[in-house]
Amino acid sequence: AKNVLSLDYQYETQGRSGGAEGKFEALNNDKNLMDDVDLVERLHVRADVIAAIVRNLDPREARLIRLRYGLNDGRTRSIKDCAEAMGISQSLAQQLAAGCLKKLREADDAESLQEYLLSVA
């Protein structure tokens, strides 16, 4: 028979003197570890999205999408804020954004883009 250990069981540890030192959990419910894994995954997806944007959009469109969805600094912006940052009218920014999203939806790698944009929207 094999000894099976549970990863979520609280085990008691003993010191050298034989006394109980305390408890630990095998996985320690390490929220930081899960946060790190989530962060790394999001960074990879973001890098994929930025690469897809570069492949599918011209530089002005790419800048607008980066600003709008916070791909550079994590801060999403309104169309008005994007327009001001780019020195264009709000209506032109709106038209560009709509055209960009259409291009990205029709791109070969649209599924990964859609997943990311939905997660930040």
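Residues numbered from 1 in each chain as written. Predicted model: local features only at pLDDT ≥ 70, side-chain atom pairs only at ≥ 80, totals over all residues. Heavy atoms only, no water.

## Some details on the overall build of the protein chain
Thought 1: The helix and strand tally for the protein chain stands at five helices and two strands.
Thought 2: Buried residues in the protein chain amount to 26% of all 121 residues.
Thought 3: Within the protein chain, counting contacts between residues at least 6 apart in sequence, those at least 24 apart form 35% of the total. (Helix = DSSP H or I, 4+ residues; strand = E, 2+ residues; numbered from the N terminus. Buried < 20%, exposed > 50% of the residue type's maximum accessible area, 1.4 Å probe, protein only. Contact = heavy atoms within 4.5 Å.)

## Some words on helix 2 (residues 59-69)
Thought 1: For helix 2, the set of buried residues is Glu-61, Ala-62, Leu-64, Ile-65, Leu-67 and Tyr-69.
Thought 2: At the C-terminal side of helix 2, Gly-70 shows a positive phi close to 65 degrees.

## Re the confidence of the model for the protein chain
Thought 1: On average, residues of the protein chain score 75 in pLDDT, and 61% of them are at 70 or above.
Thought 2: Within the protein chain, the lowest mean pLDDT, 51, falls on strand 2 (residues 20-25), and the highest, 97, falls on helix 3 (residues 79-86).
Thought 3: A low-confidence stretch, residues 24-28 stays under pLDDT 50, and its non-local contacts, those more than four residues away or across chains, total 11 contacts. (pLDDT = per-residue confidence, 0-100.)

## What to know about the side chain of Glu-61
Thought 1: Considering the arrangement of structural elements, one finds Glu-61 in helix 2.
Thought 2: Excluding its chain neighbours within four sequence positions, the residues that come into contact with Glu-61 are Leu-96, Cys-100 and Lys-103.

## Describing the pattern of salt bridges
Thought 1: Within this structure, the stated rule accounts for two salt bridges.
Thought 2: In this structure, Glu-61 and Lys-103 form a salt bridge, with 2.8 Å as the shortest nitrogen-oxygen distance. Remark: Lys-103 occurs in helix 4 (residues 90-106) and Glu-61 occurs in helix 2; sequence separation between them is 42 residues.
Thought 3: Across the pair Asp-73 and Arg-77 runs a salt bridge, and its minimum N-O distance is 2.6 Å. (Salt bridge = Lys/Arg side-chain N within 4 Å of Asp/Glu carboxyl O.)

## A short note on the packing of helix 3 against helix 4
Thought 1: Where helix 3 contacts helix 4, the axes come no closer than 8 Å and their chain directions differ by 110 degrees. On the basis of their axis angle, the class for helix 3 and helix 4 is roughly perpendicular. On the side of helix 3, the interface is formed by Ile-79, Lys-80 and Ala-83, while helix 4 contributes Gln-90, Ala-93, Gln-94 and Ala-97.
Thought 2: For the contact of helix 3 with helix 4, the class distribution of residues is four nonpolar, two polar and one charged. (Axes fitted to C-alpha atoms, helices over the stretch in contact; angles between N-to-C directions. Parallel < 35°, antiparallel > 145°, perpendicular 65-115°, else oblique. Nonpolar A, V, L, I, M, F, W, Y, C, P; charged D, E, K, R; others polar.)

## As for the side chain of Arg-77
Thought 1: Within the secondary structure layout, Arg-77 lies in the loop between helix 2 and helix 3.
Thought 2: At 3.0 Å, the side chain of Arg-77 forms a polar contact with the backbone oxygen of Arg-75. (Polar contact = N/O pair within 3.5 Å; in protein donor to acceptor, adjacent residues only side chain to side chain.)

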